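Report on the structure
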Amino acid sequence: MDQKLRIAIQKSGRLYDDSVKLLKDCGIDVKNGINKLRTEAENFPLEIYFLRDDDIPQYVEDGVADIGIVGENVVFEKNRRVTAVEPLGFGKCRLSIAVGRKDDYTGPKYLEGKRIATSYPVLVQRFLDDNGIRAEIHEISGSVEIAPGIGLADAIVDLVSSGSTLFMNGLKEVDTVLKSQAVLIRNGNLDEVKLALLERLLFRIRSVKKAKNNKYVLLNAPNNNLEAIIRLLPGMKSPTVLPLAEPGWSSVHSVISEDQFWDIIEQLKAAGAQGILVVPIEKMII
Ligand code: ATP
Ligand code: MG
């Protein structure tokens, strides 16, 4: 029987949609797993397990799954022997310290002797040790943000993305313990066949990530300023230049990275470029 790579992803929750979308973008069809714990991809030797995110590092360490997608926060908290192979660019959040909106947080020392509620006792303890602080950690598994309001804690350490949950509970974010995003992890002892499958998957993941960070740009350039316009465009090798039917004009095609995007577009306009089209790229193979 041909070997399949087994991947563990979150069954439902914040990472589910993006995990499935990433696999789909990699050309891997995942049948809806809402009431299923396991499914097989049809067009790639991949078996998908749907699990609670907390359990994924252990399953990967034990080799029940070969690879997994999980937040770095969970990877570090669970402290399992797994290897992080690729950051995935979604599930971004911070593990942050929050205190009452009126409390006067002066820095980590503020936590000395205080009670801290969190679902991340390992990471919080490490933070306290690093800062030479002794405090009492109350581990709770959810709704951490209500702990100060009901007198259970003086501060919390919890995951934050926008901060609106904290705000609604009368808290303010004052320090960050860890920045996190979803990562692909793998078991440390994969055989050659599985490693080769992982390489194929990683190649696709990296192509999808690159494509997401880049845009394809087409524009019309007056020939008398073509040189200057080309200099603004990086392109994969160099931009493509084609003559337009109208004399004196050329069509220029190139690829621009997301972070330089608006800067370059403004400069292109200033240099006389017209009819600028910006197109998303689906895959980028370099
Ligand atoms: P499960 O039932 O699988 O245990 P969960 O309730 O522990 O799910 P979710 O709230 O779905 O977990 O979050 C999963 C992951 O999403 C987190 O571990 C974190 O990496 C990431 N994440 C991104 N933004 C946030 C946020 N604002 N709050 C919580 N988690 C976030
Ligand atoms: Mg969880």
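Residues numbered from 1 in each chain as written. Chains lettered and ligands numbered in written order. Predicted model: local features only at pLDDT ≥ 70, side-chain atom pairs only at ≥ 80, totals over all residues. Heavy atoms only, no water.

The name an unreviewed UniProt entry assigns to the protein chain is ATP phosphoribosyltransferase, from the organism Flavihumibacter petaseus NBRC 106054. UniProt, in its Function (unreviewed entry) section for the protein chain, records the words "Catalyzes the condensation of ATP and 5-phosphoribose 1-diphosphate to form N'-(5'-phosphoribosyl)-ATP (PR-ATP). Has a crucial role in the pathway because the rate of histidine biosynthesis seems to be controlled primarily by regulation of HisG enzymatic activity." Under the UniProt heading Catalytic activity (unreviewed entry), the entry covering the protein chain gives this text: "1-(5-phospho-beta-D-ribosyl)-ATP + diphosphate = 5-phospho-alpha-D-ribose 1-diphosphate + ATP". (UniProt positions renumbered as here; feature names shortened; annotations may be inferred.)

Strand order in the open sheet formed by five strands is 8-7-9-6-10, and the pairing between neighbours is mixed. Two strands lie at the open edges of the sheet, namely strand 8 (136–139) and strand 10 (171–180), each paired on one side alone. This sheet shows a mean twist of 25° between the axes of neighbouring strands, independent of strand direction. Sheet topology places strand 6 (residues 93–100) next to strand 10; eight bridges connect them, and they run antiparallel. The residue of strand 10 that forms the bridge with Ala98 is Glu173. Packed on one face of the sheet, helix 4 (residues 121–130) meets strand 6, strand 7 (115–118), strand 8, strand 9 (155–160) and strand 10 and runs near 170° to strand 8. (Pairing = 2+ DSSP bridges. Helix = DSSP H or I, 4+ residues; strand = E, 2+ residues; numbered from the N terminus. Axes fitted to C-alpha atoms, helices over the stretch in contact; angles between N-to-C directions. Contact = heavy atoms within 4.5 Å.)

Looking now at helix 4. Those residues of helix 4 that sit buried are Pro121, Leu123, Val124, Phe127 and Leu128. One side of helix 4 holds all its buried residues, which, seen down the axis, span an arc of 165°. Within helix 4, the exposed residues directed more than 90 degrees away from the buried face are Asp129 and Asp130. Contacts from the buried residues of helix 4 go to helix 3 (72–78), strand 6, strand 7, strand 8, strand 9 and strand 10. Where helix 4 terminates, the next one or two residues include Gly132, which has phi positive at roughly 60°. (Buried < 20%, exposed > 50% of the residue type's maximum accessible area, 1.4 Å probe, protein only. Arc of directions from axis to C-beta.)

Glancing now at the site of ligand 1. The environment of ligand 1 is made up of 17 residues, and the closest members are Arg52, Asp53, Asp54, Asn73 and Ser161. A distance of 2.7 Å separates an oxygen atom of ligand 1 from a polar side-chain atom of Asn73. For ligand 1, whose accessible area on its own is 630 Å², the fraction buried by protein is 77%. Mapped by element, the contributors of at least two residues to the shell around ligand 1 are helix 3 and strand 9. Classifying every residue of the shell around ligand 1 by side-chain character gives five nonpolar, seven polar and five charged. Split by domain, the shell around ligand 1 shows at least three residues from each of two domains, domain 1 (5–90 + 181–211) and domain 2 (93–179). (Near = heavy atom within 4 Å. Polar contact = N/O pair within 3.5 Å; in protein donor to acceptor, adjacent residues only side chain to side chain. Areas by Shrake-Rupley, 256 points an atom, 1.4 Å probe, with all protein chains shown as cover. Nonpolar A, V, L, I, M, F, W, Y, C, P; charged D, E, K, R; others polar. Domains from an automatic or database assignment.)

What follows concerns the pairing of strand 14 (residues 249–257). Along a regular strand, successive side chains alternate from one face of the sheet to the other. Within strand 14, eight of the nine residues are buried, which leaves it mostly tucked inside the rest of the structure. When strand 12 (residues 214–222) meets strand 14, the two strands line up antiparallel, connected through nine bridges. Counterpart to Asn214 in the pairing with strand 14 is Ser257. Pairing of strand 13 (residues 240–243) with strand 14, which is carried by four bridges, proceeds in the antiparallel orientation. Bridging across to strand 14, Val241 finds its partner in Val252.

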